[in-house]
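One letter stands for each residue in the lines below.
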Amino acid sequence: MGFMPYINRQPTRTVTIPELGGGMNLRDSVSMINDNQITDCLNMRFSEGILKTRPALDAIPECTEFLSTGTGQIYEHTTKEIHNEVRLIIEGKEYRLNAFIVAFEENNTAEIHFNLICFDKTGINLAVISVADHTAHAFVIQDKTNIYCFVSGETIEPVIYKLSEDMTEWINANNDIYAPLVATHCVRSGWDYEGTNFEGYNLLGSNYRMTYSAYNENDTDLNHPMRYLFAMPIPDGYSGTVKAEITTYDSTKDETITTLHTVTLDGTNAACYYENFEEGKSPADGLHMYVKKTFLGFEAKKADTTPICITTDDLKKKYACSEDNITITAPCTNTADNLKKVFGMAVYTWFGGSASGLNNGTRLFLGGNNEGKEKNLIVWSDLEKPLYFPENCYAYVGNASSAVTAFGKQSDVLVIFKENELYSTRYTSGTDYTAEDLINQNVIDVTTADATFPITQINAYIGCDVPRSVQLCNNRLVWATSGGKVYTLTNDNQYSEKNVYEVSRMIERRLRTEERTVLKSAMSCDWDGFYMLFSEGRIYVMDYNSYGFNNVYSYTKTEDANLRIPWYYWEIPVKPYSVTANARDILIFAVDGTYFDGKHWSYSAAHTFNPDTKTDERINFNHGTGEAYPRPENGYYFEIRSLLQTKIFDLDMPYRNKKIPLVNIAFGNNGGNPIKVSFLTENSEREDEQIITLTESDAEKYSSQYVHNRAVRPCCPIVNRLGVRIECEGFLAVDSISFNYTALGGAR
């Protein structure tokens, strides 16, 4: 009996991709890409269980009056960013202070502009600092009560400005610089002095202090107790003051008297300068205080050549002797090199000690000096004294040829970034010392004995040359490099080979298309659970709440962890110069300009992300008046282009051809924006594009009416693999995709 051949009837199968939350995968081959990953993306993110268009960029025109818009004149100029950010709480509202420098080469001047904006879209006007040097360098810091701006340049003397209490002007704060007590318990010893070294000289300072005991009797004819030697001679040509604060106890009146006496020097280096002590002033009625180049003294008569000593019993009885009752504040020479160690810095942070300090730190750390031998230098201030940088509080970190680029705080560790190296330090409480230790000079600088910061190398090959990319995400530092990589630090163990992990392999191919010089100026923020890296108007977005990021250290291969770290790519119609964010809100500051008569005039504008709007906005300024154009003319609104492309699916049968009559796509309601769907096969992108319009009314995203299924027929009679590309000029949301197919014969 013969048998007739027949074709087996194949069942219709369905493969469903329930969600597209895996982010982009630009690394792997077709077979290695996860089903929930996408191979192309523009302005999309997976949030609240659905892949959807990013929030729209919303201009904040009401902030315009609070933003620096130049002087109203038209100049050729360059703009320099100041790479730090100050967070302020004013009357319970959170503000961000950002700053940038506009340099005018044609008249050798510069202006330092400040933006102080609150997340509720209000701001405060701040004055501009103008300096006569277009090479001006500046950085801004904040302590518990003040905001300071350190300004320097090639031709101007370094100056520290302080923001006034009413926040309307910048005041010269050089007089606020701390004068350290370099010596105490001082006594004359012949033509020299003996005392106890206490604090180090200030790298910023032009003054120091010493304490003497004013009323000790003279031991010899040459040892006059009312002639007080300076720790260093007064600088030649010095114009300024020498002060003596004297405390005495008047036993006849049973009261303590403290008086401050000042001698003003006019730069002529004359031999003596006088102040007459009026009746009732200490240390004795009728005395005259005078200053010579090497000492301060007192005379019974003006221009008398013999300094006095208090030796009579009557004066001893009236002005009781006590230790350290005269404090002298005198000028000192300070070198330009010392000033550059502070004013030449570019990055800062507060770190160390009690959590009661500002921003979880009690000492101001500075780094980022790009000049000569100081490139790898870091310096730190004394305890909560940002205007006192002791001469012995410093460290040279790593290779001397590369500068410190950034600081980052992770747990109780300060991470010090260099271009190709990584270091850390911890606060270590200083050793206890006693008064006897000071007297015996076992401790000669209490500012270094109070706390130490030992430096440890974490990684000898990986660093950070994009200083504004450093963010703390889920208590782990994240940063980028100009080579197109993003890293995270899991621990600071110097002996571990798994302390630094790359987390950007899924997006690296696109990051590497950025020019190195552009990427070095990239900036970042931590917003809404995403690490966002801004490179001009392009944004690389990482979901750091993902399983892969939080458990990257537990994977044997970082390749496996990277598969589970979602990345997305966005574009916005502005080029930010500064970005700041808190847990919910983001502020994007953009500098742009209009060319007019061959000159370039700049403006600032503020933007934020607004999930309730559907189109991007930006502010366009009139080049003559500095006023914003009225909306909606002049290109104020921009449709968001949304795009996603899936992998090319083999539907679990790479060895079989298929007939795919139907693809079901679940769309979130987008208010009617036309959606273009096209298909990709193993051969090429198909031309059978289809337009879908969701005509249903806008529905709440959590309601049952929000998601709508659309069946699309790809018109692909026989294919081996199939992918979907979805585009929309406007809002787009995609929930799931499913393929209905029938398996055919084997593929060739």
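Data block above holds the structure.
What you see is a predicted model, and the numbers here were worked out from it, not measured in a lab.

## Focus: the overall build of the protein
Part 1: For the protein, the helix and strand inventory stands at eight helices and 55 strands.
Part 2: Counting all 748 residues of the protein, 53% fall into the buried class.

## Digging into the sheet that holds strand E39 (residues 523-527)
Part 1: Reading across from one edge, E39-E40-E41-E42 is the order of the four strands in this open sheet, with antiparallel pairing throughout. The strands lining the two open edges of the sheet, one partner per strand, are E39 and strand E42 (567-571). With direction set aside, neighbouring strand axes in the sheet form an average angle of 20 degrees.
Part 2: Note that strand E41 (residues 538-543) and E42 share five bridges and pair antiparallel. Paired with Tyr540 across the strands is Tyr569, a residue of E42.

## Looking at unusual backbone geometry
Part 1: Here the phi dihedral of Asn43 falls at roughly 60 degrees; this positive angle occurs in a residue that is not glycine.
Part 2: Looking at Asn43, the relative accessible area reads 3%, which means it is buried.
Part 3: A positive phi angle is found at Leu651, which is not glycine, with a value near 55 degrees.
Part 4: In this fold, Leu651 is placed in the loop between strand E48 (641-646) and strand E49 (656-668).
Part 5: With relative accessibility at 4%, the residue Leu651 sits in the buried group.

## Topic: the sheet that holds strand E12 (residues 147-152)
Part 1: If you walk across this open sheet you meet the four strands as E11-E12-E13-E14, and the pairing is antiparallel. The strands lining the two open edges of the sheet, one partner per strand, are strand E11 (137-142) and strand E14 (170-172). Averaged over all adjacent pairs, the angle separating strand axes in this sheet is 30 degrees, with direction ignored.
Part 2: Two strands pair when backbone bridges link them, and E12 and strand E13 (residues 159-163) are joined in this way by four bridges, in the antiparallel orientation. Paired with Val151 across the two strands is Val159, which belongs to E13.
Part 3: Strand contacts of helix H2 (residues 336-343): E11, E12 and E13, with the helix running at about 130 degrees to E12, the strand carrying the most contacts.

## Notes on H2
Part 1: Residues of H2 that are buried: Leu339, Lys341, Val342 and Phe343.
Part 2: The inward-facing, buried residues of H2 contact E11, E12, E13, strand E26 (363-367) and strand E27 (377-380).

## Concerning the environment of Asp337
Part 1: Take Asp337: it is sitting in helix H2.
Part 2: For the pair Asp337 and Glu374, spaced 37 residues apart in sequence, the C-alpha separation works out to 9.3 Å.

## Considerations on the pattern of salt bridges
Two side chains bearing opposite charge may form a pair once their charged atoms approach each other closely.
Part 1: Inspection of every chain in the model, using the stated rule, returns 28 salt bridges.
Part 2: Linking Glu502 and Arg505 is a salt bridge whose minimum nitrogen-to-oxygen distance equals 3.1 Å.
Part 3: Classification of Arg505 as partly exposed rests on a relative accessible area of 24%.
Part 4: Through salt bridges with shared partners, a single ionic network connects Asp40, Arg510, Arg641, Lys676, Arg725 and Glu727.

## What to know about the pairing of E41
Residues in a regular strand point their side chains to alternate faces of the sheet.
Part 1: In terms of residue burial, E41 counts as a mostly covered element, since five of its six residues are buried.
Part 2: Here strand E40 (residues 530-535) folds back onto E41 in antiparallel fashion, the turn holding two residues, of which Glu536 has a positive phi close to 55 degrees.

## Thoughts on the packing of aromatic side chains
Part 1: Summed over all chains, the structure comprises 23 aromatic pairs.
Part 2: On the numbers, 5.7 Å between centres and 70 degrees between planes, the contact of Tyr201 with Tyr208 is edge-to-face.
Part 3: Judged by relative accessible area, Tyr208 falls into the buried class, the value being 0%.
Part 4: Between the aromatic rings of Phe649 and Phe739, the centroid separation amounts to 5.0 Å while the plane-to-plane angle is 50 degrees, which identifies the pairing as tilted. Linking Phe649 in the loop between E48 and E49 with Phe739 in strand E55 (residues 733-746), this pair joins segments that are 90 residues apart in sequence. This pair shows no difference in class: Phe649 is buried, exactly as Phe739 is.
Part 5: One aromatic cluster in this structure is built from Phe351, Phe365, Trp380, Tyr427 and Phe453.
Part 6: Over the ring of Phe549 we find Arg476; its NZ or CZ atom is 4.3 Å from the centre of that ring.
Part 7: For the cation-ring pair, Lys614 lies above Phe731, with the distance from its terminal atom to the ring centre recorded as 4.2 Å.

The rules behind each value
- Residues numbered from 1 in each chain as written.
- Predicted model: local features only at pLDDT ≥ 70, side-chain atom pairs only at ≥ 80, totals over all residues.
- Heavy atoms only, no water.
- Helix = DSSP H or I, 4+ residues; strand = E, 2+ residues; numbered from the N terminus.
- Buried < 20%, exposed > 50% of the residue type's maximum accessible area, 1.4 Å probe, protein only.
- Pairing = 2+ DSSP bridges.
- Axes fitted to C-alpha atoms, helices over the stretch in contact; angles between N-to-C directions.
- Contact = heavy atoms within 4.5 Å.
- Salt bridge = Lys/Arg side-chain N within 4 Å of Asp/Glu carboxyl O.
- Phe/Tyr/Trp six-rings, centres within 6.5 Å; stacked < 30°, edge-to-face > 60°.
- Lys NZ or Arg CZ within 6 Å of the ring centre and 35° of its normal.

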